[in-house]
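Topology and contacts: notes
Each chain, letter by letter, is given below.
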Amino acid sequence: MEFQRVTRLQGQVMIPGDKSISHRSIMFGSIAKGITEIDNFLQGADCLSTMACFQKMGIDIENKGSRVVVHGKGLHGLEAPFGDGVLDCGNSGTTTRLIAGILAAQDFSVTLTGDSSIQKRPMKRIIAPLSQMGAHITSINGTGCAPLLIRGQKLSGISYESPVASAQVKSAILLAGLYADKETRVKEPALSRNHTELMLQAFGADVRTEDTTAVIQPARELFGCKLSVPGDISSAAFFLAAGLMVPGSEILLKNVGINPTRDGVLRVCEEMGGNVTLLNLKTEGGESTADILVRHSPLHGTVIEGAIIPALIDELPVIAAMACMAEGTTIIRDAAELKVKESNRIEVMVKNLSAMGADVTETEDGMIIRGGRPLHGAVIDSRLDHRIAMTFAVAALCSDGITEIKGAECVNISYPEFYRDLKRLSGNA
Ligand code: S3P
């Protein structure tokens with residue numbers, strides 16, 4: 001797919017549902033008793049992988065477009081996956097790691113697998129704590145990655161200090177904790193996204209946060225509820241960046257989730273001098289939303305490090321692109337987690353931004369970007385990583401010449417209509 005400079009971006013975008021929250025709504029709805037109605041569910045390939053996994057375990061899920069109805073069967077209502085006993089998580093790390101926490105406590109065995117990217121992503125980070133709780137999990141090829149064989153067991157509560165700030169690790173342990181014999185605690189080095197904690201509360205679980213520790217009590221039952229999924233700030237980030245970078249732009253992003261454990265990109269845009277205004281603030285089910293008005297702004301470099309990193313981890317690729325357009329140097333550090341995402345996002349960003357003429361240096365845990373150099377078109381290999389493809393579609397809008405993105409269709413993972421929405425803003429529908 002090819003992209004090139006546009007004169008400006010103008011209009012509004014209805015941001016599709018949050019990926020993290022959509023996954024959790026299916027999972028928790030499935031192990032709750034009764035009906036869960038989900039509004040604004042993200043119809044991205046990752047969330048559909050989660051849906052298919054629970055359908056294969058006997059849960060009736062009606063997919064009516066943006067509205068989804070889950071007929072939950074309670075904490076002990078799942079059945080061994082129909083037929084071959086295999087659950088396919090596709091490209092989705094969230095599906096793999098969170099489901100593992102639930103499966104660890106079931107009275108059946110499952111093989112958990114996914115695509116070639118999923119089979120390279122580290123799973124020891126969940127195998128270790130879940131094994132401490134009594135789970136039987138083996139990496140079938142001995143790589144520490146999927147496919148995983150999970151044989152459900154009785155679990156006991158633990159107090160775990162996680163070496164990484166990861167909501168997927170925290171959530172896997174908390175979900176196993178629902179089934180444990182006593183309280184489970186997970187302490188993180190910095191607070192990761194807290195959607196699991198907020199949504200489990202809505203389903204009736206006893207879960208609380210003490211500083212950077214999440215604490216959950218074993219549950220007797222969860223109860224189905226009504227949920228409205230906010231727009232995904234990680235998807236909105238591409239338009240935030242595009243609006244700030246492309247001269248003359250003004251974009252209104254509707255219904256974006258601004259949970260403080262996810263809003264790091266807003267804080268960085270402001271820090272870089274971006275003109276970003278929040279309007280129409282609301283809170284529902286503990287999750288806050290706003291409409292975000294973004295206007296083209298001259299940007300300057302910044303340092304992004306420490307506790308803010310988990311609150312913008314998925315936005316770092318597009319922030320790096322934005323830093324190329326800023327005056328001065330931007331330093332990203334403490335972000336080694338980028339190496340174990342859908343691709344090695346440090347390596348892939350540095351390679352592709354350099355191909356477009358940026359002055360960027362790879363470091364152990366991030367990158368250094370010296371901004372202000374004009375970018376030019378290049379052939380970009382997305383490595384089938386959705387956030388890389390979207391980042392370079394945006395970078396191309398303020399670069400000379402033509403940018404060709406290979407594997408551009410992978411945006412289907414989190415934002416199937418991304419290119420349509422982007423074209424519409426440039427008046428080029
Ligand atoms: C997610 C957590 C983050 C994030 C991923 C979604 C989640 O991963 O990068 O896209 O839904 O819990 P980690 O928990 O590995 O940081």
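Whatever comes next refers back to the structure up there.
Being a predicted model, the structure only gives us computed values, none of them experimental. (Residues numbered from 1 in each chain as written. Predicted model: local features only at pLDDT ≥ 70, side-chain atom pairs only at ≥ 80, totals over all residues. Heavy atoms only, no water.)

**A closer look at the sheet that holds strand β21 (residues 366-370)**
Worth spelling out the cut-off: In this scheme, strands are said to pair when DSSP sees at least two bridges between them. Secondary structure elements are defined from DSSP: runs of H or I of at least 4 residues count as helices, runs of E of at least 2 residues count as strands, and each element is numbered from the N terminus. By definition, residues are in contact when any of their heavy atoms lie within 4.5 Å. Axis definition: a line fit to C-alpha positions, over the contact stretch in the case of helices; interaxial angles, taken between N-to-C directions, run 0 to 180 degrees.
Strand order in the open sheet formed by 4 strands is β18-β19-β21-β20, with mixed pairing between adjacent strands. Whereas interior strands pair on both sides, the edge strands pair on one side only; in this sheet they are β18 (303-304) and β20 (359-363). Bridging between strand β19 (residues 329-332) and β21 involves 4 bridges; their strand directions are antiparallel. Bridge pairing links T329 to R370 in β21. Lying over the sheet, helix α9 (residues 316-324) contacts β18, β19 and β21, oriented at roughly 20° with respect to β21. Along the sheet, helix α10 (residues 345-355) contacts β20 and β21; its crossing angle with β20, the most-contacted strand, is approximately 160°.

**So, the layout of surface pockets**
What counts here: Put simply, the grid is 1 Å and covers the protein atoms alone, a cavity is a trapped set of points that fit a 1.4 Å probe, a pocket is an open set with protein on both sides within 12 Å along at least five of seven lines, and lining residues have an atom within 4 Å of a point. Grid points are joined across faces, edges and corners, and a volume is the space filled by probe spheres set on the points.
There is about 530 Å³ of room inside the largest pocket. Lining the largest pocket are 36 residues, and of these A165, S166, I313, E337 and K341 lie nearest its centre. Listed by contribution, the elements that provide at least two residues to the lining of the largest pocket are α1 (19-30), α3 (93-103), α5 (167-178) and α11 (386-396).

**Some words on the packing of α3 against helix α4 (residues 124-132)**
Packed helices, taken two at a time, are described by the angle between their axes plus the distance between the axes. This is how the line gets drawn: When describing relative orientation, an angle under 35 degrees is termed roughly parallel and one over 145 degrees roughly antiparallel, while 65 to 115 degrees is termed roughly perpendicular and anything else oblique. It is the rotation of the near helix from the far one that decides the hand of a crossing: anticlockwise by less than a right angle makes it left-handed, clockwise makes it right-handed. Side-chain classes are defined by residue name, with Ala, Val, Leu, Ile, Met, Phe, Trp, Tyr, Cys and Pro counting as nonpolar, Asp, Glu, Lys and Arg as charged, and the others, Gly among them, as polar.
Two elements in contact, α3 and α4, have axes separated by 10 Å at closest approach and are oriented at 15°. In this view, α3 runs roughly parallel relative to α4, as classed from their interaxial angle. In this structure, the crossing between α3 and α4 has a hand that is right-handed. Touching R97, A100 and G101 of α3 are R125, I126 and L130, all from α4. Looking at the contact of α3 with α4, its residues break down into 3 nonpolar, 1 polar and 2 charged.

**Thoughts on the site of the ligand**
Note the threshold: In these notes, residues near a molecule or strand are those with any non-hydrogen atom within 4 Å of it. Here a polar contact is taken to be a pair of N or O atoms separated by no more than 3.5 Å, where protein atoms must pair a possible hydrogen donor with a possible acceptor and residues adjacent in sequence count only if both atoms sit in side chains. The rule for placing a molecule in a cavity or pocket is simple: more than half of its atoms must lie within 2 Å of the grid points.
The local shell around the ligand consists of K19, S20, R24, T94, R97, S166, A167, Q168, R193, I313, D314 and K341. Within the side chain of T94, an N or O atom sits 3.4 Å from an oxygen atom of the ligand. With respect to the ligand, the side chain of S166 contributes an N or O atom lying 2.7 Å from an oxygen atom. According to the grid-proximity analysis, the pocket containing the ligand is the largest pocket. When residues of the shell around the ligand are traced back to their parent elements, those giving at least two are α1, α3 and α5. For the shell around the ligand, the element with the highest residue contribution is α1, accounting for 3 residues. Across the shell around the ligand, the residue classes break down as 2 nonpolar, 4 polar and 6 charged.

**As for empty space enclosed by the protein**
Overall, the coordinates contain 1 cavity of 30 Å³ or more when judged by the stated rule. Of the pockets and cavities examined, the largest cavity occupies roughly 50 Å³. Every residue lining the largest cavity is listed: D18, I21, H195, P230, G231, I233, G257, I258, N259, R262, E287 and S288. Of the residues in the lining of the largest cavity, the class split is 4 nonpolar, 5 polar and 3 charged.

**Section: the pairing of β21**
On a regular strand, one side chain projects to one face of the sheet and the next to the other, so that they alternate. With 5 bridges connecting them, β20 and β21 associate as antiparallel partners. The partner of V360 across the bridge, within β21, is I369.

**Quick word on unusual backbone geometry**
Cis geometry is found at the peptide bond from A146 to P147, where omega equals 0°. When you line up the elements, P147 lands in the loop between β8 (136-139) and β9 (148-151). Although it is not a glycine, N255 sits at a positive phi angle of roughly 60°. Within the chain, N280 stands out as a residue other than glycine whose phi angle is a positive 60°.

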